[in-house]
Amino acid sequence: MGGIAVLIPAAGSSSRMRGTDKLLMDVGGQPLLRRLAEAALAAANHVCVALPGHQHPRAQALAGLPVQIVEVPDADLGMSSSFRRGVGLMPHGFEAVIVLPADMPELCADDLRAVIDTYRRSPRPVLVQATAEDGTPGHPVLFPSDCFPALTALTGDMGARTVLSANMHRLRQVALPDQRALVDLDTPEAWAEWEAAQQAAE
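Residues numbered from 1 in each chain as written. Predicted model: local features only at pLDDT ≥ 70, side-chain atom pairs only at ≥ 80, totals over all residues. Heavy atoms only, no water.

**Considerations on the pairing of strand E8 (residues 137-144)**
Here is step 1: In terms of residue burial, E8 counts as a mostly covered element, since six of its eight residues are buried.
Here is step 2: As paired elements, strand E7 (residues 127-131) and E8 share three bridges and run antiparallel to each other. Bridged to Thr131 within E8 is Pro137.
Here is step 3: Joining the antiparallel neighbours E7 and E8 is a turn of five residues, in which Gly135 adopts a positive phi near 95°. (Buried < 20%, exposed > 50% of the residue type's maximum accessible area, 1.4 Å probe, protein only. Helix = DSSP H or I, 4+ residues; strand = E, 2+ residues; numbered from the N terminus. Pairing = 2+ DSSP bridges.)

Written as structure tokens, this is what we have:
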């Protein structure tokens, strides 16, 4: 098959938002999760979204989009559950998967294309990590297909850090504008501060 897939792990409880679902926050007139899914669809060949269930409000926010929704009933066991199910249930044959966190409102399709372009320029399979403009490591991260077994074997809530650490010898980085590779919003206070900054910049 070939091509690049995107996995959006969106099965977490958003507990630090104290009752509000951060992935349904309005960004540019639409829910954050839908905005990111549309960006992924514009840049990649396949988009898989890991969700708590098909009836969850997050699934409704994705209505009409050609994305693969994967249920993660054991999401309480940590981020690894989304990796195991998302990567494990994607159609076979993709050459790489980009892990796109669902709570990063500044990432866009061009950022994903920059990650893919960096991967394409390498003569051999490499991992690609986006960084801030100053080089601080961030997201998203691309994993070539030979990392898929390791991603589906993850446990706990450490995400894919162990896979990244084990492959530092073939990690490439690409700087994205400003701080967009680092901006993730987990609390009402963080959202309020970010929204105020956006309004001030308009």
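That shown, we press on.
**Comments concerning the layout of surface pockets**
Here is step 1: Approximately 1100 Å³ is the volume found for the largest pocket.
Here is step 2: Along the wall of the largest pocket there are 37 residues; nearest its centre are Lys22, Met79, Pro101, Asp103 and Asp157.
Here is step 3: Those elements giving two or more residues to the lining of the largest pocket turn out to be helix H3 (80-89), E8 and helix H6 (161-166).
Here is step 4: At four residues, the largest contribution of residues to the lining of the largest pocket is made by E8.
Here is step 5: For the lining of the largest pocket, a count of residues per class yields 17 nonpolar, eleven polar and nine charged. (1 Å grid on protein atoms, 1.4 Å probe; cavity = no way out; pocket = protein on both sides within 12 Å on 5 of 7 lines; lining within 4 Å. Points joined across faces, edges and corners; volume = space filled by probe spheres on them. Nonpolar A, V, L, I, M, F, W, Y, C, P; charged D, E, K, R; others polar.)

**A word on the sheet that holds strand E5 (residues 68-71)**
Here is step 1: Read from one edge to the other, the open sheet built from seven strands follows the order E5-E4-E1-E6-E8-E7-E9, with strand pairing classed as mixed. Of all the strands in the sheet, the pair left with one neighbour each is E5 and strand E9 (171-175). Taken pair by pair, the neighbouring strands of this sheet meet at an average axis angle of 25°, ignoring direction.
Here is step 2: Where strand E4 (residues 46-51) and E5 come together, four bridges link them in parallel fashion. Within the sheet, the bridge partner assigned to Ala50 lies in E5 and is Val70.
Here is step 3: The strands that helix H1 (residues 32-43) touches are strand E1 (4-9) and E4; relative to E4, the one it contacts most, it runs at about 155°.
Here is step 4: The strands touched by helix H4 (residues 109-120) are E1, strand E6 (96-99), E7, E8 and E9; relative to E8, the strand with the most contacts, the crossing angle is about 50°. (Axes fitted to C-alpha atoms, helices over the stretch in contact; angles between N-to-C directions. Contact = heavy atoms within 4.5 Å.)

**Some remarks on the pattern of salt bridges**
Here is step 1: Counting across every chain of the model gives ten salt bridges.
Here is step 2: Among the salt bridges present, the one from Asp74 reaches Arg84, with a minimum N-O distance of 3.3 Å. With Asp74 in the loop between E5 and H3 and Arg84 in helix H3, this residue pair connects regions lying ten residues apart in the sequence.
Here is step 3: Note on Arg84: relative accessible area 23%, which makes it partly exposed.
Here is step 4: In the salt-bridge network here, residues are joined through shared partners; they are Lys22, Asp103 and Asp186. (Salt bridge = Lys/Arg side-chain N within 4 Å of Asp/Glu carboxyl O.)

**Some words on unusual backbone geometry**
Here is step 1: Here His139 and Pro140 are connected by a cis peptide whose omega angle stands at 5°.
Here is step 2: Mapped onto the elements, Pro140 comes out in strand E8.
Here is step 3: Within the chain, Asp178 stands out as a residue other than glycine whose phi angle is a positive 55°.
Here is step 4: Residue position: Asp178 is located in the loop between E9 and helix H7 (188-201).
Here is step 5: What makes Asp178 partly exposed here is its relative accessible area of 48%.

**Some details on the packing of aromatic side chains**
Here is step 1: Under the defined criterion, the tally for this structure stands at one aromatic pair.
Here is step 2: Ring centres 5.7 Å apart and planes at 85° place the aromatic pair Trp191 and Trp194 in the edge-to-face group. Pair noted here: Trp191 and Trp194 are both in helix H7, with a separation of three residues, about one helical turn. Residue Trp191 shares its accessibility class with Trp194, and that shared class is buried. (Phe/Tyr/Trp six-rings, centres within 6.5 Å; stacked < 30°, edge-to-face > 60°.)

**A few points about the side chain of Thr118**
Here is step 1: Along the polypeptide, Thr118 turns up in helix H4.
Here is step 2: The class of Thr118 is buried, set by a relative accessible area of 10%.
Here is step 3: In this structure, Thr118 is in contact with Val128, Arg172 and Val174, ignoring residues within four places of it in sequence.

In short, the description is geometric, and any link to function would need to be established separately.
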